[in-house]
Amino acid sequence: MTSKSAAAAARATVHGYPRQGQQRELKKAIEGYWKGRVGADALRATAAGLRRDNWRQLAEAGVHEVPTGDFSYYDHVLDTSVMVGAIPARHRTAVAADPLDGYFAMARGTQDVAPLEMTKWFDTNYHYLVPELGPETVFAADSAKQVGELREALALGLAARPVLVGPVTYLLLAKPAPGVAADFDPLTLLDRLLPVYEEVLADLRAAGAEWVQLDEPALVQDRSPAVLNAAARAYRDLGAPADRPKLLVAAYFDRLGDALPVLAKSPVEGLALDFTGAAAANLDDLAAVGGLPGKRLVAGVVNGRNVWINDFERSLATLGTLLGLADRVDVSSSCSLLHVPLDAGAERDIDPQIARWLAFARQKTGEIVTLARGLQQGTDTIAAELAANRADLASRAGSALTHDPAVRARAAAVTDADGRRSQPYAERAAAQRERLGLPLLPTTTIGSFPQTTELRTARADLRAGRIGTAAYEERIATEIRDVLAFQEKAGIDVLVHGEPERNDMVQYFAEQLTGYLATQHGWVQSYGTRYVRPPILAGDISRPEPMTVRWTSYAQSLTDRPVKGMLTGPVTMLAWSFVRDDQPLGDTARQVALALRDEVNDLEAAGSSVIQVDEPALRETLPLRAADRAGYLAWATEAFRLTTGGVRPDTQIHTHMCYAEFGDILQAIDDLDADVISLEAARSHMQVAGELATAGYPREVGPGVYDIHSPRVPSALEATALLRKGLDAIPAERLWVNPDCGLKTRGWPEVRASLENLVTAAREVRGGLTAS
Ligand SMILES: Nc1nc2c(c(=O)[nH]1)N[C@@H](CNc1ccc(C(=O)N[C@@H](CCC(=O)N[C@@H](CCC(=O)N[C@@H](CCC(=O)O)C(=O)O)C(=O)O)C(=O)O)cc1)CN2
Ligand code: MET
Ligand SMILES: [Zn+2]
């Protein structure tokens, strides 16, 4: 350790904390408010109680400076839009009438007004609401939420640091408002936005903030010199006012790269950097720019994206090096702990030995405090923690769970041929046409039908022992019969069983695979009040027995039409789980792919002629830095082909993706070699169909004609118009008719009406084709 004074100052903090509460109290209160069962004051009281509990928990664990303003009723980017007054014109009346209801209207829309668009927060499974900006946007500061939450924490006697989305990231995440030219660049609004940030910062200073954190994760992506110049200007200007809080600029999820010297040279007082995974390159980069003399460095050495215990020795080595590179070094998570569940201690079903390898938000906080203490007072003061950490890491490395010789031998024996269908597409297509006998423009759905309260309650009753397995299975069988009867009556061509038995499209499979851990309480926010329990890829993956054959065969036994087998693909299984950090992702993907390959082959053997392997996460998992993309796409497409490569030529493989920025992965989509792909397209008016056609995509495509993210029922006329647009790009022999995505979050009345209209549209357009 080179600098005693820096070491003496080491403090523990986190960038943000899960918002929902141990029992998802926030979800229940907000959904209750929407249904009119919970009043606004009761909702506010629940929220304030959750914030207070979080801060107390952090302080009791030994965190010296707690974050504030990271709480949200829905999303922190939407909160930022409110903070800077970027309320879309269509929502202004609602916001003026009642700020809380107006806020939820922006998030969810109302009968008459569309919500903001939602998209993924970088490469996470968290979704934010996209700011809508234009040349006419007038910003105005509204610091009430930030100031209010800061005051709450200060009133508890805590040192608190407000956390805001930084101005550059805010603009880079925005899109042109409806009616504004598509080439409008929101970053041109920077000069108008900065004074608003200055005002908020001044308000926070007046309310008692010593430091304010500005999050700029968008700067870890490849950025042009123009963007880097904008960032330099932003932090030069924000640094200018005399009476402002000290500024801590945080960047995470990857290395800062070219943006590091820009921020290092800016007049801000501190940087918070990620030193985990690929972002560990920040360490050398920091040394190369001569460190951060005179600045505070908040070192994100505890990974905020995974659930594994920290390697204390490695972190202490990193921290030791950093001490020589900055004026003061504090210890933190790499990013907000929003992306991990709250407390591993709440899990009762995980083997106690394995539970020792796990750290959720609460445990990570403890690790940060321990590391800060070791840094500040010397490693001998944490000798017991270090010894326990070493033992737990050794137990993980040497465990039979993480090293299954049979799985490893099989993965090592994979050949190129395993990932190739036995015939080229053209020959397969002919064989499939012959076997399936489908009409032109065949209709289908993406898999799930409504996950009703009754279904979820039945599952909760089963878990709690209120009903037995037989009663639960009868409930599922009844649902499958109803779903099939509806589809037959509606005239759909390729049917699905509706996925009623699945709690989630990833967790359901994880629960049945060896080496995968499921959690009982490990909820993580996906968007708004929707949460997932990402399972944990803990060990080598194998499939003890078939996972879907029973319900799929049951469904097929009820009808003469083809029932699509329905699986979640290997890339999505990884993307929506917590992954191993002790082997390359591609190795884990291959193990999952081999387990799924057996399932695909078993479905085929049981009579499935159509099998869908969903890969909605293929695009979102694309690495943030372009240089890392080819490597990712190579293992990702290999895993998909390994999953699907073992079937007969006349078995039709479908895949599905729900997000719309396919531009960068068109080649990868082609490389999957799936026979049919369904895509989200309704809101973008079939734009993807055109992109695929232009790229020369040779196989069958189902661009969605029904936007399932809205309760609106599309009319047959609307669906017909979209289909005709699809036909402009894709020839009729290769065009399918389907919704954008699964129907699990929708209600039955809308689903019935919408699918009936979809079939009407397909028949209408088919009629026109055969007549001409
Ligand atoms: N993993 C994953 N990521 C994804 C998606 C996805 O489907 N899965 N889709 C995209 C959009 N994200 C979504 C994420 C969550 C939900 C969602 O509906 N989540 C549910 C929970 C789903 C679930 O796990 N359900 C379980 C447990 C349900 C539950 O909470 N049960 C209650 C009791 C029953 C009740 O009152 O509902 C309890 O146990 O206390 C089940 O069905 O068994 C929720 O927040 O409410 C939808 C879309 C992108 N990322
Ligand atoms: C998020 S993609 C969803 C695909 C899945 N088969 C479903 O319909 O729910
Ligand atoms: Zn989807």
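Residues numbered from 1 in each chain as written. Chains lettered and ligands numbered in written order. Predicted model: local features only at pLDDT ≥ 70, side-chain atom pairs only at ≥ 80, totals over all residues. Heavy atoms only, no water.

An unreviewed UniProt entry lists the chain under the name 5-methyltetrahydropteroyltriglutamate--homocysteine methyltransferase, with Streptomyces piniterrae as the source organism. Among the UniProt annotations of the chain, the heading Pathway (unreviewed entry) holds the following wording: "Amino-acid biosynthesis; L-methionine biosynthesis via de novo pathway; L-methionine from L-homocysteine (MetE route): step 1/1." The UniProt entry for the chain carries the following comment under Catalytic activity (unreviewed entry): "5-methyltetrahydropteroyltri-L-glutamate + L-homocysteine = tetrahydropteroyltri-L-glutamate + L-methionine". (UniProt positions renumbered as here; feature names shortened; annotations may be inferred.)

1. Comments concerning the UniProt feature "binding site: Zn(2+) 2" (unreviewed entry) in the chain
Cross-referencing UniProt, the feature "binding site: Zn(2+) 2" (unreviewed entry) maps to C658 in the present numbering. Along the chain, C658 turns up in the loop between β18 (652–657) and α26 (666–671). (Helix = DSSP H or I, 4+ residues; strand = E, 2+ residues; numbered from the N terminus.)

2. Let's talk about the coordination of the zinc ion (ligand 3)
Protein-derived coordination of the zinc ion (ligand 3) comes from H656 (NE2), C658 (SG) and C741 (SG), at a distance range of 2.1 to 2.5 Å. Coordination geometry of the zinc ion (ligand 3): the four donor atoms subtend angles of 94 to 121 degrees at the metal centre, consistent with an arrangement described as tetrahedral. Here the donor residues of the zinc ion (ligand 3) share one chain and are spaced in sequence as H-x1-C-x82-C. Side by side, H656 and C658 carry an identical accessibility label, which is buried. (Donors = N, O, S within 2.8 Å, 3.2 Å for Na, K, Ca; no water. Tetrahedral: all angles 85-135°; square planar, octahedral: opposite > 155°, others 65-115°. Buried < 20%, exposed > 50% of the residue type's maximum accessible area, 1.4 Å probe, protein only.)

3. Considerations on the UniProt feature "binding site: L-homocysteine" (unreviewed entry) in the chain
This chain's UniProt record puts "binding site: L-homocysteine" (unreviewed entry) on I446, G447, S448, E499 and D614. For this annotated set, covering 169 residues, all C-alpha atoms fall within 13.0 Å of each other, a compact arrangement in space. Tracing the backbone shows E499 in the loop between α20 (469–490) and α21 (507–510). Leave out the neighbours within four places in its chain, and E499 touches I446, G447, S448, Q451 and M566. Using a relative accessible area of 6% as the deciding quantity, one classes D614 as buried. (Contact = heavy atoms within 4.5 Å.)

4. Observations regarding the sheet that holds strand β20 (residues 700–703)
With parallel pairing, five strands are arranged side by side in an open sheet as β16-β17-β18-β19-β20. Bordering the open sheet on either side are β16 (565–568) and β20, each of which pairs with just one other strand. Averaged over neighbouring strand pairs, the angle between their axes works out to 20 degrees when direction is ignored. Relative to strand β19 (residues 676–679), β18 runs parallel, the two being bridged by four bridges. (Pairing = 2+ DSSP bridges. Axes fitted to C-alpha atoms, helices over the stretch in contact; angles between N-to-C directions.)

5. Quick notes on the site of ligand 1
The environment of ligand 1 is formed by 24 residues, the closest being K27, R459, R463, D504 and K744. The separation between an oxygen atom of ligand 1 and a polar side-chain atom of K27 is 2.6 Å. A distance of 2.6 Å separates an oxygen atom of ligand 1 from a polar atom in the side chain of R463. Surface burial for ligand 1 is 81%, taken as the share of its 970 Å² of free accessible area covered by protein chains. The set of elements that each furnish at least two residues to the shell around ligand 1 consists of α19 (453–464), β13 (524–527) and β14 (530–532). Broken down by element, the residue count for the shell around ligand 1 peaks at four residues, all from α19. (Near = heavy atom within 4 Å. Polar contact = N/O pair within 3.5 Å; in protein donor to acceptor, adjacent residues only side chain to side chain. Areas by Shrake-Rupley, 256 points an atom, 1.4 Å probe, with all protein chains shown as cover.)

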